[in-house]
Every structure is written in structure tokens, then in C-alpha cells.
Amino acid sequence: MHVPFPPFKAKVVEPIPVTTRAQREALLVEAGYNLFRLPADRVSIDLLTDSGTGAMSAVQWGRAVQGDEAYACSPSWNRFRDTVRSITGMDEVFPVHQGRAAERILFEAIVKAGDVVPSNTAFDTTRANIERRGASVIDLPHPSAADPRSDAPFKGDIDLGRLEQVLAANRSRVPLVVLTVTNNAGGGQPLHPENAKAARAICQRYGVPVYIDAARFAENAALVIERDPQLHDAQPRTVARAIFDCADGALMSCKKDGIAHIGGFLAVRDQALAAQLGENLIATEGFLTYGGLAGRDLEAIAAGLEEALEPAYLAHRLGQSRHLHQRLTAAGVPVIGPPGGHAVFVDAAGLAPHLAPAQLPGQAVAVELFRIAGVRACEIGTLMFGGGASAREGGKELVRLALPRRVYESAHLDYVADALGRIAKNAAALPAYEIVEGAGPLRHFVAKLRPAAR
Ligand code: F0G
């Protein structure tokens with residue numbers, strides 16, 4: 001199947017650096033085999049993340065120039081606030097410099113030591129910010145997410161039966177439930193509004209608020225529309241709103257479906273809580289009407305949030321990940337199915353079954369991909385999640401090929417699929433990796449590694 005017609009064309013381009021294998025080998029040694037440490041100007045195709053890496057539109061750049069940089073109550077803030085209100089239906093809006101600041105500010109207000117936070121699957125910074133409060137996360141992914149090969153449509157759902165059990169067993173120790181849409185760490189899979197509604201009903205019985213981690217809310221809506229025949233004619237905005245309507249609040253990294261390079265927000269309904277959050281925001285991020293952002297950022301995000309909801313944009317975006325998914329499958333690379341939104345996830349445990357989780361199969365694949373092709377991807381497995389305190393249930397060994405928004409063409413994706421196909425053919429030769437430096441829940445950002453001796 002072809003990728004749908006890109007509903008945009010290039011006006012400005014950047015050259016792609018090309019390196020030799022010997023140069024890449026030296027770069028890997030220099031970086032301690034940690035791809036976060038590679039100089040970006042030596043990376044040919046950068047699929048490390050879809051966060052803050054998108055191409056802004058001419059409208060976004062134009063609005064950015066018009067950004068009003070007043071310290072307080074700038075019109076750019078009004079546009080940002082009104083856009084967030086209209087999408088989420090939540091009145092109390094706080095701008096922050098990125099998603100994790102929203103996490104910190106919310107959790108400092110409502111999470112205390114010994115608490116337990118259930119989630120469909122919390123992303124690494126969400127988990128870390130909860131653990132920093134002395135609390136822990138319980139991931140409750142839907143049972144269908146356990147089989148990487150199944151094409152179950154809503155693997156991003158939360159397991160409702162287990163949610164009920166956890167709430168019953170931990171009365172007064174659960175300050176909130178976090179629903180991450182799409183489920184990033186779980187493979188970029190969507191959560192259906194009906195699942196959010198059912199989770200909401202359970203939480204209400206226990207008096208527990210529900211928060212949406214909305215980083216990829218528009219992609220989630222598009223995937224729901226694609227996979228639920230009853231919603232084929234629905235608008236992304238309506239489906240997204242159905243999920244927000246189930247929640248007491250939302251956290252968002254606007255570096256994803258805000259198609260911005262920086263920024264985020266926290267939105268809640270409760271005015272008393274809002275007063276508390278506002279104090280923390282002013283003390284640690286910035287005044288209520290800019291958070292950690294410039295007026296130009298507020299403008300770019302306000303426009304980007306709307307562009308991310310456009311059906312033609314979303315059709316092309318989902319088409320890209322489907323295309324890469326199909327090419328990889330054809331090349332014999334095991335991938336998590338069905339194709340999700342922002343990324344394609346390679347099943348490294350399936351690709352390199354000779355490596356146990358502690359031997360970091362995902363890192364082995366990601367390092368090899370850079371070595372042979374200059375492509376940077378991201379391990380999402382034992383290296384990323386093995387250093388935290390919370391139990392990591394149903395954990396997988398994945399390599400994420402994240403797709404920056406509106407940046408790469410099909411030909412770039414074909415090149416990536418071809419390189420991974422070559423790795424798959426010779427997967428038994430992939431070495432184990434061991435950590436020589438770096439610990440804790442965020443060790444994957446800073447660790448140094450080495451290939452283990454055979
Ligand atoms: N929630 C989710 C689901 C995320 O994917 C991220 C970031 C955050 C929260 C934190 O937002 O980066 O703006 O502070 N994910 C990026 C990624 C880093 O590569 O997936 P942030």
C-alpha cells in the first residue's frame with residue numbers, strides 16, 4: 001500500500017550527513033555505545049524520537065514571529081489557552097516548558113510517599129517523577145498487548161479487571177490513574193474512548209481522579225477512527241474529546257502532537273487544585289501565562305495543536321508508520337503489530353532470541369543499526385526500564401523507530417527497513433551488551449556500555 005499523499009511540500013531543506021562505517025565505529029566507541037551520546041550532526045537518519053523533532057509549518061513560523069513577548073497576559077497566551085480549552089474542555093490551563101514539568105508539578109501536589117499509581121503504561125519520565133515522590137507505578141496494559149504479533153486493535157487500553165483489583169487492594173493509596181494516549185512505551189498503540197469511559201466509572205467508585213497523558217492525543221484519535229468501524233466517519237477532534245471528557249485533568253508534551261520544538265501544558269477542572277498548581281508553576285516554571293515558554297512558542301503550539309488534528313495530516317502520518325511496518329515485515333524483521341502512530345517498534349527479543357533481557361537485545365539491535373547504516377533508534381526495554389524501583393510487568397525488549405513529524409520521505413524509511421532486514425539475516429551474530437557506568441531509573445540517557453566478551 002502506498003503512503004497517502006503528503007498534504008505538505010518542502011520550502012526549506014537540511015542536508016543529511018553521510019559517514020563511513022569506520023567513522024561510525026569510532027563514534028560508537030566514543031559514545032560508550034549509548035546512542036543518546038552520539039553527535040546529532042553525525043547521524044544520517046534520526047529516529048531517536050518524534051519529540052520536538054517535527055517540521056513546523058509556514059503558518060506556525062509566521063505565528064511565532066507574531067508572538068507577543070509580554071511577561072503577563074500576552075495575547076499569545078490567550079490563543080494558547082483557548083486552543084487547549086477547546087480541545088480538552090478543561091478550563092484551568094497551565095503552560096509548561098515540556099511534558100515532564102507538567103508531571104512534576106501535578107505529582108508534587110497530589111502524590112505522596114507510599115502511593116501507588118496505576119497506568120495503562122507510564123512513560124519513563126512519568127514513572128521517574130512518580131518514583132521521585134517515593135511512590136510507585138503499576139503498569140496494567142490490556143492483556144492483548146502481551147502478544148507482539150497479534151493485530152488486536154486497542155492494545156493501548158488499560159486492563160479494567162486489574163485496575164479494579166489494584167484500586168480495591170490499595171484504598172487511599174491511589175492518588176490518580178494515568179491513561180497514556182497513545183501508549184508510547186507499550187508500542188504506540190491506541191486506547192479506545194470506551195475503555196477510558198469504563199476506567200473512569202471504576203475510578204469514580206473509588207473516588208480516584210483520572211488524568212490523560214495526552215502527548216499523542218491526535219494520533220490516538222486517528223487510530224481509533226481507523227480501527228473502529230462504528231467511528232469511521234467521526235472527526236479526530238470529537239474522538240479526542242471523548243477521552244478528555246473521561247478525565248479530571250490532562251498532561252501534555254506539545255513536542256509531539258503540538259508539532260512544536262518545545263512546550264507542554266497541564267490542564268485540570270478542579271479550581272482548588274488549580275490554585276495550588278499555579279503557585280508551584282510561578283515558583284518553578286514561570287508566570288501563569290507563559291510557564292517556561294516564550295510567546296512565540298505559545299503561538300507555534302496553538303497552531304500546531306490544530307494542524308495535528310487535520311484528517312489529511314493524520315492519514316499521511318499513520319500511512320508512514322504503516323509503510324515502514326510493512327517494509328520491515330517483508331524484510332523478515334519482527335515488529336509489534338498492528339502499526340501504531342508515532343513509531344514502529346521492532347521486537348528485539350524476537351529478532352535476537354539468543355540474547356536474554358539482561359544482555360540488552362534492544363540495545364544490540366540499535367547499535368548495529370547505527371553501525372551499518374547511520375540510523376539512530378531508541379531502545380525501549382531493559383536498558384530504559386530496568387533501573388527503576390517499580391515492577392515492570394509484561395515488559396518487552398523493543399527498538400523504537402520514531403518518526404519525526406513531516407520530516408522524512410518514504411525513501412528514507414525504505415533505507416531504514418533495508419538496513420534492519422540485513423541485521424535480521426545475520427541476527428545470531430549480534431553481541432550482548434553490558435552497562436559499565438550509570439544507574440537509576442533514567443540510566444539509559446547517561447549510561448556507558450560495551451559489547452560483552454563472548
Ligand atoms: N509522556 C509521554 C507519553 C511521552 O512520550 C513523553 C516524552 C513525555 C510524557 C514527557 O514529555 O519530553 O516533553 O518532557 N517522550 C519522548 C519520547 C521523550 O521520545 O517518547 P517531555
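For the structure itself, consult the block above.
Residues numbered from 1 in each chain as written. Predicted model: local features only at pLDDT ≥ 70, side-chain atom pairs only at ≥ 80, totals over all residues. Heavy atoms only, no water.

The two faces of strand E5 (residues 177-180) match: Val177 and Leu179 on one face and Val178 and Thr180 on the other face are all buried. As paired strands, E5 and strand E6 (residues 210-213) are joined by four bridges and run parallel to one another. Residue Val178 lies in a different strand from E6, and its bridge partner there is Tyr211. (Buried < 20%, exposed > 50% of the residue type's maximum accessible area, 1.4 Å probe, protein only. Helix = DSSP H or I, 4+ residues; strand = E, 2+ residues; numbered from the N terminus. Pairing = 2+ DSSP bridges.)

On the basis of which strands lie adjacent, the open sheet formed by three strands has the order E9-E12-E11 and antiparallel pairing. Whereas interior strands pair on both sides, the edge strands pair on one side only; in this sheet they are strand E9 (343-347) and strand E11 (378-380). Taking the axes of each pair of neighbouring strands and ignoring which way they run, one obtains an average angle of 35° across the sheet. Pairing geometry for E9 and strand E12 (residues 398-402), over five bridges, is antiparallel. Residue Val346 lies in a different strand from E12, and its bridge partner there is Val399. Here helix H12 (residues 311-330) sits on the sheet in contact with E9 and E12, set at roughly 25° to E9. The sheet strands contacting helix H14 (residues 361-373) are E11 and E12, and the helix crosses E12 at an angle near 40°. (Axes fitted to C-alpha atoms, helices over the stretch in contact; angles between N-to-C directions. Contact = heavy atoms within 4.5 Å.)

Once that is clear, we can look at the nonpolar core. Membership of the largest hydrophobic core comes to 56 residues, with the highest contact counts inside it found for Leu163, Val177, Leu179, Ile212, Phe217 and Phe244. Ranked by residue count, the leading element in this core is helix H8 (residues 217-227), at seven residues. With residues up to four places along the chain from it excluded, the contact list for Val177 reads Pro118, Ile158, Leu163, Leu167, Cys203, Val208, Pro209, Val210 and Tyr211. Leu351, Leu360, Leu369 and Phe370 belong to the second largest nonpolar core, which has 48 residues in total. (Core = buried A, V, L, I, M, F, W, Y, C linked by side-chain atoms within 4.5 Å.)

Thr49, Arg100, Asp213, Ser253 and Lys256 are the nearest of the 16 residues found near the ligand. Contact distances for the ligand include 2.6 Å between an oxygen atom and a side-chain N or O atom of Arg100. Arg400 is positioned such that a nitrogen or oxygen atom in its side chain is 2.7 Å from an oxygen atom of the ligand. Protein burial of the ligand: of its 470 Å² of free accessible surface, 94% is covered by the chains. Counting residues per element, the shell around the ligand draws most heavily on helix H4 (residues 99-110), which supplies three residues. (Near = heavy atom within 4 Å. Polar contact = N/O pair within 3.5 Å; in protein donor to acceptor, adjacent residues only side chain to side chain. Areas by Shrake-Rupley, 256 points an atom, 1.4 Å probe, with all protein chains shown as cover.)

With respect to the secondary-structure elements, Pro175 resides in the loop between helix H6 (160-169) and E5. Residues within four places of Pro175 in sequence aside, it is in contact with Ile110, Val111, Asp115, Val116, Val117, Val208 and Pro209.

Attention now moves to the packing of aromatic side chains. By the definition in use, this model includes seven aromatic pairs. Ring plane angle 70° and centroid distance 4.8 Å describe the contact between Phe36 and Phe445, whose orientation is recorded as edge-to-face. Linking Phe36 in the loop between helix H1 (21-30) and strand E1 (45-46) with Phe445 in helix H17 (residues 443-446), this pair joins segments that are 409 residues apart in sequence. You can call Phe445 partly exposed: its relative accessible area is 29%. On the numbers, 5.0 Å between centres and 70° between planes, the contact of Tyr71 with Tyr290 is edge-to-face. Linking Tyr71 in the loop between helix H2 (58-65) and helix H3 (75-88) with Tyr290 in the loop between helix H10 (271-284) and helix H11 (295-307), this pair joins segments that are 219 residues apart in sequence. The exposure class assigned to Tyr71 is exposed, which follows from its relative accessible area of 55%. Grouping aromatic residues by their ring pairs yields a cluster made of Tyr71, Phe287 and Tyr290. (Phe/Tyr/Trp six-rings, centres within 6.5 Å; stacked < 30°, edge-to-face > 60°.)

A few words now on the layout of surface pockets. When its volume is computed, the largest pocket comes out at roughly 1500 Å³. Contributing to the lining of the largest pocket are 44 residues, with Val12, Ala55, Arg406, Val407 and Tyr408 lying nearest its centre. In the lining of the largest pocket, the residues fall into 23 nonpolar, 11 polar and 10 charged. By volume, the second largest pocket is sized at about 450 Å³. Every residue lining the second largest pocket is counted, 29 residues in all, and those nearest its centre are Ser51, Arg100, Phe123, Asp124 and Lys256. Within the residue set of the lining of the second largest pocket, elements represented by two or more residues are H4, helix H5 (124-131), strand E7 (249-253) and H17. Considered class by class, the residues forming the lining of the second largest pocket number 10 nonpolar, 11 polar and eight charged. (1 Å grid on protein atoms, 1.4 Å probe; cavity = no way out; pocket = protein on both sides within 12 Å on 5 of 7 lines; lining within 4 Å. Points joined across faces, edges and corners; volume = space filled by probe spheres on them. Nonpolar A, V, L, I, M, F, W, Y, C, P; charged D, E, K, R; others polar.)

All we've got here are geometric facts, nothing functional implied.
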